[in-house]
Amino acid sequence: MLVWYDGELKEYDEVSVPLLAHSLHYGDAAFEGIRGYKLENGNIGIFRLPEHSKRMEISIKILMGEKKLSAEEIADASVKTVRANKDLGDMYIRPIYYLAEGTLGLSNIGKCKPHFAVATIPFPPLLGDKPIRIHVSDWRKMPSQSVPVMAKLSTNYVNSILATREAQKAGYDESLFLNIHGRVAEGPGENFFIVKGKRVITPPPSEDILEGITRNTVMELARDLGYEVLERPISLAEVFFADEAFFTGTAAEVVPIKEVNGVSIGNGDAGEVTSKLRSLYKDVVRGKVEKYKHWITEVNE
């Protein structure tokens, strides 16, 4: 497998991270998760690459205090890495900006050498294709007053790892975070939606969520299908009275939720709205819907 590393393609085994890398010890790294899908013509289509690249540009700027990489540089490196590994077919694309050689100490971030890399791997939908059971975590979603939760920073995901481990130990498929105010936030790596009648409802960014690109995609698809889309706070009690619930995320795609803390949601299966959105999403990411082809960056020879 070839990876992008500091401006050139290298074999995966040629790249290593020093034991005393600053980001390994303190989590000061920024990354993205992007998907590439094999299209009907055999090329790879990277879904919403400009939006992912722009978010990473901003995440790095928040981390470092100044612009270090442009969205165009991130996108270009991603395309070159995908092209070099196109035989993978469907793939998950992971750009990462991290700090390595230098010295330890919280005040020494500016003295450490930065690196930018991109890797691609085969990666099926994170939570599978069937409706899942989720558990409301005892851990709360970190507030944006403590860390910039809208930036995709490595350190933020310790919160998610703890919640995921908790859910798995309890026998569930995934976790659901409440924020520090006790309202629904999101999953460890997914945004959360409920459906009530013809309304699709999701927490707004002010509820301490990562403003997901798949979330944005599904909201637009829902409006185009004729549903009313609302961004507003959601109480946990309201979830139990919902007709449907689902997660969205680049890794997870669109995942129906059949049960929360042992309580069935709706009829306990993928509902009509979720199923329609999921089906349309799967067609859109593979370039089968003309209206949304502008979301796809096609990588050919």
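Everything that follows concerns the structure shown earlier in this document.
As the structure is a computational prediction, the values presented were derived from the model and not from experiment. (Residues numbered from 1 in each chain as written. Predicted model: local features only at pLDDT ≥ 70, side-chain atom pairs only at ≥ 80, totals over all residues. Heavy atoms only, no water.)

**Quick look at helix α4 (residues 157-169)**
Turning to step 1, where the next piece is worked out: An ideal rise of 1.5 Å per residue puts 18 Å on 13 residues; α4 measures up with 18 Å between its terminal C-alpha atoms.
Turning to step 2, where the next piece is worked out: Taken together, the buried positions of α4 are occupied by N159, S160, A163, E166 and A167. The buried side chains of α4 occupy one side of the element, clustering within an arc of 125° when seen end-on. Pointing more than 90 degrees away from the buried face of α4 are the exposed residues I161, Q168 and K169.
Turning to step 3, where the next piece is worked out: In this structure, the buried side of α4 is in contact with β8 (132-140) and β9 (174-178).
Turning to step 4, where the next piece is worked out: Positive phi appears at G171, one or two residues downstream of α4, with a value of about 90°. (Helix = DSSP H or I, 4+ residues; strand = E, 2+ residues; numbered from the N terminus. Expected span 1.5 Å × (residues − 1). Buried < 20%, exposed > 50% of the residue type's maximum accessible area, 1.4 Å probe, protein only. Arc of directions from axis to C-beta. Contact = heavy atoms within 4.5 Å.)

**Considering the layout of surface pockets**
Turning to step 1, where the next piece is worked out: The computed volume of the largest pocket comes to approximately 910 Å³.
Turning to step 2, where the next piece is worked out: Within the residue set of the lining of the largest pocket, elements represented by two or more residues are α2 (49-64), β6 (91-99), β7 (114-121), α4, α5 (213-224) and β13 (244-249).
Turning to step 3, where the next piece is worked out: The residue inventory of the lining of the largest pocket, partitioned by class, reads 17 nonpolar, 16 polar and nine charged.
Turning to step 4, where the next piece is worked out: Along its surface, the second largest pocket is lined by 19 residues, and V15, V17, I96, Y98 and A117 are the ones closest to its centre.
Turning to step 5, where the next piece is worked out: Secondary structure elements with two or more residues in the lining of the second largest pocket: β1 (2-5), α1 (22-26), β6 and β7.
Turning to step 6, where the next piece is worked out: Of the residues that constitute the lining of the second largest pocket, the class distribution is 14 nonpolar, four polar and one charged. (1 Å grid on protein atoms, 1.4 Å probe; cavity = no way out; pocket = protein on both sides within 12 Å on 5 of 7 lines; lining within 4 Å. Points joined across faces, edges and corners; volume = space filled by probe spheres on them. Nonpolar A, V, L, I, M, F, W, Y, C, P; charged D, E, K, R; others polar.)

**Examining α5**
Turning to step 1, where the next piece is worked out: Across its 12 residues, α5 extends 17 Å between first and last C-alpha, which sits within 8% of the 16 Å expected from 1.5 Å per residue.
Turning to step 2, where the next piece is worked out: Among the residues trailing α5, G226 stands out with phi positive, at a value near 100°.

**Focus on the packing of aromatic side chains**
Turning to step 1, where the next piece is worked out: Applying the stated criterion across every chain, the model contains seven aromatic pairs.
Turning to step 2, where the next piece is worked out: Ring centres 4.9 Å apart and planes at 35° place the aromatic pair Y92 and F123 in the tilted group. In this pair, Y92 sits in strand β6 while F123 sits in the loop between β7 and β8, placing the two residues 31 residues apart along the sequence.
Turning to step 3, where the next piece is worked out: Accessibility expressed as a relative area gives 10% for Y92, which makes it buried.
Turning to step 4, where the next piece is worked out: According to the relative accessible area criterion, F123 is partly exposed, its value standing at 29%.
Turning to step 5, where the next piece is worked out: Measuring from centroid to centroid gives 4.8 Å for F193 and F246, while their planes differ by 5°, and the two rings are stacked. Of this pair, F193 sits in strand β10 (residues 191-196) while F246 sits in strand β13, and the two are 53 residues apart along the sequence.
Turning to step 6, where the next piece is worked out: Of the residues examined, F246 reaches a relative accessible area of 0% and is grouped as buried.
Turning to step 7, where the next piece is worked out: Through a chain of ring-to-ring contacts, three or more aromatic side chains come together here, namely F47, Y281, Y292 and W295. (Phe/Tyr/Trp six-rings, centres within 6.5 Å; stacked < 30°, edge-to-face > 60°.)

**Focus on a negative patch on the surface**
Turning to step 1, where the next piece is worked out: Negative charge collects at one region of the surface, where D6, E8, E11, D13, E14 and E101 lie side by side.
Turning to step 2, where the next piece is worked out: One can find E14 in the loop between β2 (8-11) and α1. (Patch = residues over 30% accessible without salt bridge, like charges linked within 9 Å, V, L, I, M, F, W, Y side chains within 5 Å. Areas by Shrake-Rupley, 256 points an atom, 1.4 Å probe, with all protein chains shown as cover. Salt bridge = Lys/Arg side-chain N within 4 Å of Asp/Glu carboxyl O. Lys, Arg positive; Asp, Glu negative; His and termini not counted. Charge placed at Lys NZ, Arg CZ, Asp CG, Glu CD.)

**Some remarks on the nonpolar core**
Note on soluble globular proteins: their nonpolar side chains tend to be buried together.
Turning to step 1, where the next piece is worked out: The biggest cluster of nonpolar side chains holds 26 residues, and the ones touching the most others in it are I46, I60, V82, I93, Y97 and F116.
Turning to step 2, where the next piece is worked out: Elements that contribute at least two residues to this core include exactly β5 (44-47), α2, α3 (71-84), β6 and β7.
Turning to step 3, where the next piece is worked out: Dropping the residues within four chain positions of it, I93 is found in contact with E32, G33, I34, R35, G36, I46, S78, V82, V118, A119 and T120.
Turning to step 4, where the next piece is worked out: Among the nonpolar cores identified, the runner-up in size contains 23 residues, and Y37, M219, F246 and L277 belong to it. (Core = buried A, V, L, I, M, F, W, Y, C linked by side-chain atoms within 4.5 Å.)

**Section: empty space enclosed by the protein**
Turning to step 1, where the next piece is worked out: A complete count under the given rule lists two cavities of 30 Å³ or more for this structure.
Turning to step 2, where the next piece is worked out: Taken as a whole, the largest cavity holds about 60 Å³ of empty space.
Turning to step 3, where the next piece is worked out: As for the largest cavity, its lining consists of I34, R35, Y37, F47, R48, H52, I213, T214, T250 and Y281.
Turning to step 4, where the next piece is worked out: When contributions to the lining of the largest cavity are tallied by element, the ones reaching two or more residues are β4 (34-38) and α5.
Turning to step 5, where the next piece is worked out: It is β4 that contributes the most residues to the lining of the largest cavity, three residues altogether.
Turning to step 6, where the next piece is worked out: Of the residues contributing to the lining of the largest cavity, the split by class is five nonpolar, three polar and two charged.

**With respect to the pattern of salt bridges**
Turning to step 1, where the next piece is worked out: Counting across every chain of the model gives 20 salt bridges.
Turning to step 2, where the next piece is worked out: With its nearest N and O atoms 3.0 Å apart, the salt bridge here joins K80 to D76. Taken together, the residues K80 and D76, both in helix α3 and four residues apart, mark about one turn of the helix.
Turning to step 3, where the next piece is worked out: By relative accessible area, which is 35% here, K80 ends up partly exposed.
Turning to step 4, where the next piece is worked out: Shared partners join several salt bridges into a network, and the residues in it are R35, D129, E253, R278 and K282.

**Concerning the environment of L106**
Turning to step 1, where the next piece is worked out: Among the structural elements, L106 can be located in the loop between β6 and β7.
Turning to step 2, where the next piece is worked out: The class of L106 is exposed, set by a relative accessible area of 70%.

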